[in-house]
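Report on the structure
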Amino acid sequence: MDHIVGIDLGTTNSEICCIRDGRPEIIETEGEMMMPSCVGIDHDGNLIVGRSAKNQMVVNPGATILSIKRSMGKNVSVQLGEKQFSPEEISSFILGGLKKHAEEYLGEKITQAVITVPAYFDDRQRKATKNAGILAGLDVKRIINEPTAAALAYDAGKGENRNILVYDLGGGTFDVSIVVVENGVVEVKASHGDTQLGGDDFDKLLMDHVSEQFKEENGVDLLKDPHSRNRLWSIVEKAKRQLSDKPFVRIREEYISEDKHLDIEISRDDYQEMIRPLVRKTIDCVHKCLKEACFLPKAVDRVILVGGATRTPLVSEMLEEEMRLAPHYEINPDLIVAMGAAIQGEIIAGRETESVLVDITPYTFGTAAVSNYEGEIRENVFIPIIKRNSSLPISKGEVFYTMVDNQESVDVRIYQGEELLVENNIFIGNFLVKGLNGVPAGNEIILELGLDLNGILEVTAREKSTGLSKTVTMTTDNPEAAFDLERAHENISQFTELVQHLEEDLSPKETEKKMLISEAGKLHKRGEAILDDIDEADAGEIHNLIEQGKEAIIKGDTEKLSDSNESLSDLLFYLED
Ligand code: AMP
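Residues numbered from 1 in each chain as written. Predicted model: local features only at pLDDT ≥ 70, side-chain atom pairs only at ≥ 80, totals over all residues. Heavy atoms only, no water.

On to the pairing of strand β3 (residues 23-26). The two faces of β3 differ: P24 and I26 on one face are buried, but R23 and E25 on the other face are not. In sequence, strand β2 (residues 13-20) turns back onto β3 through a hairpin of two residues, with D21 there showing a positive phi of about 50°. (Buried < 20%, exposed > 50% of the residue type's maximum accessible area, 1.4 Å probe, protein only. Helix = DSSP H or I, 4+ residues; strand = E, 2+ residues; numbered from the N terminus. Pairing = 2+ DSSP bridges.)

The next thing to look at is the pattern of salt bridges. As enumerated under the stated definition, the model contains 28 salt bridges in all. Note that E104 and K100 form a salt bridge whose closest N and O atoms lie 3.9 Å from each other. In this pair, E104 and K100 are both assigned in helix α2 (residues 87-106), four residues apart and thus about one turn of the helix distant. Classification of E104 as exposed rests on a relative accessible area of 55%. A salt bridge links K246 to E448; the nearest nitrogen and oxygen atoms lie 3.8 Å apart. Residue K246 is located in the loop between α6 (226-243) and β15 (248-257), and its partner E448 is located in strand β23 (residues 444-451); the two are separated by 202 residues in the primary sequence. (Salt bridge = Lys/Arg side-chain N within 4 Å of Asp/Glu carboxyl O.)

What follows covers the sheet that holds strand β20 (residues 394-401). Pairing is antiparallel in the open sheet, where four strands are placed in the order β20-β23-β24-β25. Each edge of the open sheet is held by one strand with a lone partner, namely β20 and β25 (469-475). The average undirected angle you get between the axes of adjacent strands in this sheet is 15°. In the sheet, β23 pairs with strand β24 (residues 456-463) via seven bridges, with the strands oriented antiparallel. In the sheet register, L449 faces β24, and the bridge partner there is V459. (Axes fitted to C-alpha atoms, helices over the stretch in contact; angles between N-to-C directions.)

Each assigned domain of the chain is listed with its residue range as follows: domain 1 (4-198 + 278-358), domain 2 (365-474) and domain 3 (506-575). When each unit is reduced to the centre of its C-alpha atoms, the spacing between domain 2 and domain 3 is 26 Å. Contacts between the two partners involve 15 residues from domain 2 and, on the opposite side, 17 residues from domain 3. Roughly 1300 Å² of surface becomes buried between domain 2 and domain 3 when both sides are summed, with 54% attributable to carbon and sulfur atoms. Area buried by domain 2 at its contact with domain 3 is led by I377, E379 and M403, which between them contribute 41% of it. Counting every contact that joins domain 2 to domain 3 gives zero salt bridges. The interface formed by domain 2 and domain 3 holds zero residue pairs in polar contact (both at pLDDT 80 or more) in total. (Domains from an automatic or database assignment. Contact = heavy atoms within 4.5 Å. Buried area = accessible area lost by both parts, 1.4 Å probe. Polar contact = N/O pair within 3.5 Å; in protein donor to acceptor, adjacent residues only side chain to side chain.)

What follows deals with the pairing of strand β1 (residues 4-9). The buried fraction of β1 is high, at six of six residues. Of the two faces of β1, the one lined by I4, G6 and D8 and the one lined by V5, I7 and L9 are each fully buried. One ladder, built from five bridges, connects β1 with strand β10 (residues 112-117); its direction is parallel. Bridging across to β10, I7 finds its partner in I115. Pairing between β1 and β2: four bridges, direction antiparallel. The residue of β2 that forms the bridge with G6 is C17.

Looking now at the packing of helix α5 (residues 199-218) against α6. When two helices pack together, their arrangement is given by the angle between the helix axes and the distance between those axes. At a minimum axis distance of 9 Å, the contact between α5 and α6 shows a crossing angle of 110°. Between α5 and α6, the angle falls in the class roughly perpendicular. Relative to α6, α5 is oriented so that their crossing is right-handed. Within the contact between the two elements, α5 uses G199, D200, F202, D203, L206, M207, V210 and S211 and α6 uses R229, L232, W233, V236, E237 and K240. (Parallel < 35°, antiparallel > 145°, perpendicular 65-115°, else oblique. Left-handed = near helix turned anticlockwise from the far one by under 90°.)

Another aspect to go through is the site of the ligand. For the ligand, the set of nearby residues contains 16 residues, the closest of which are G171, E237, K240, S244 and G308. Within the side chain of R311, an N or O atom sits 3.5 Å from a nitrogen atom of the ligand. Top element by residues in the shell around the ligand is α6. It accounts for three residues. (Near = heavy atom within 4 Å.)

A few words on the packing of α5 against helix α7 (residues 268-292). In the contact formed by α5 and α7, the axes pass within 10 Å of each other and the chain directions differ by 140°. Here α7 runs oblique to α5, going by the angle between their axes. When you trace α5 past α7, the crossing you get is right-handed. Residues D201, F202, L205, L206 and H209 of α5 lie in contact with α7, whose contacting residues are Y271, M274, I275, L278 and V279. For the contact of α5 with α7, the residue count by class is eight nonpolar, one polar and one charged. (Nonpolar A, V, L, I, M, F, W, Y, C, P; charged D, E, K, R; others polar.)

Shown next as structure tokens:
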């Protein structure tokens, strides 16, 4: 069969995809899904492409070329070794490298391809891309827009009419497009973006932060020396990726500057505050794009994430808040464009394709915590940790805080579902972590959830200050775990029993706290129910007592909570009919 491969010719990385047995399959190059878009000449004068070229970048930058995509369509030449090359020629080496790997993998000659370009590429840039393909020995069947390819990978070519927003945040660039699918025709209505904004800028902010702290402690500016700067960049970039899955990351590097070692901890919260203004900038672009397409946010049916930097939790959070629609990220955001290009190749060849196969979790998994629910502090608020539609396997972590001083244990309770309160979700299991450090309330407990391809959930709770931890494996495919209303009710009663059973294990202090919080919840509800029917002075007093109670719950102040409950109970006794 003559394959028409799909190629995403990216600024930082490129990918190649073929269709086998009707399904898209990314072809690995040197054991990796992505090949760095990097071309070089080695010490023996040989042309090298991909990972090996990138690896020699640090030692031989003069003989290595990166980010050639930025020069496509320009009348410029770049020097590589002794010779000058056009951007088309350099790009043809990258395409040639991908083609070679695909031929080895498939055991046949590859002669036809669909190549993607950003929606904002003009005619010259598109022609230059096509010429690069021809130079690499490829019959370029079509040049398609990256957002169109992403939409195709999410099944857009088949049937339903849809308005799709494609949000693409890569290493160096950001773009957003509105793609309309109507009667099988996929069209980009509008595109907007910033060619100077991407994950690399997140790295810079984190580097500034880390180097500033290092300077304060050691009096050395790591950014001044190119060697330590490059080292710092690669460490910080790795830490940034880890922060997408973990609430804290420790950055350690020995001898980063002469005899000095780097050892700094970063929290996801602090990191996300650093990058928030940049993410805000991308959201402004989203609005401009919607305006250009004459679309209101609510007219968008689907939001699709593309590009490695969209794995940053703040990105999907802010986008969801703005669009009021949970973005789709189940197809690997690094590979989706190449997959869509390969699907387009199959459409051109007149062959049927199936949708992209991904193993995802159809449910959200999380825990219970004291938190805000519709303006009220509640004890059993569901805090999602692994969100539904995440591709498997996955591991995600969040930080939680103890509620009372000298708290000796925590009860880790795991639920599955989409409701805001845990009692409306399905209880999966629980365990106690005992022997916590005797410290004031606010002791940090890191909860990590890992879900494998078989639906086995591994839950680890770790006291951050001591490393004390407990791991428990839970199955999620048991009958109780299936999302089904009847069973959910059954589970709620099981849950009540379990909690009662658990109370026996809790310290008297914790049991008292639990009872007080539960009592406060009921009293606050009763108080709020009569606010409109009583005079202003009484309503003011009830309001104050409710606020005092909420504050006491947040601070873990059992004594104050007991006082406010008592006063509220007395007042309600006189005011209620
Ligand atoms: P791309 O150009 O699509 O290959 O995206 C590359 C950018 O994505 C780089 O800035 C990477 O550091 C960033 N990136 C890759 N994986 C992650 C991750 N797990 N979390 C945050 N950023 C990531």
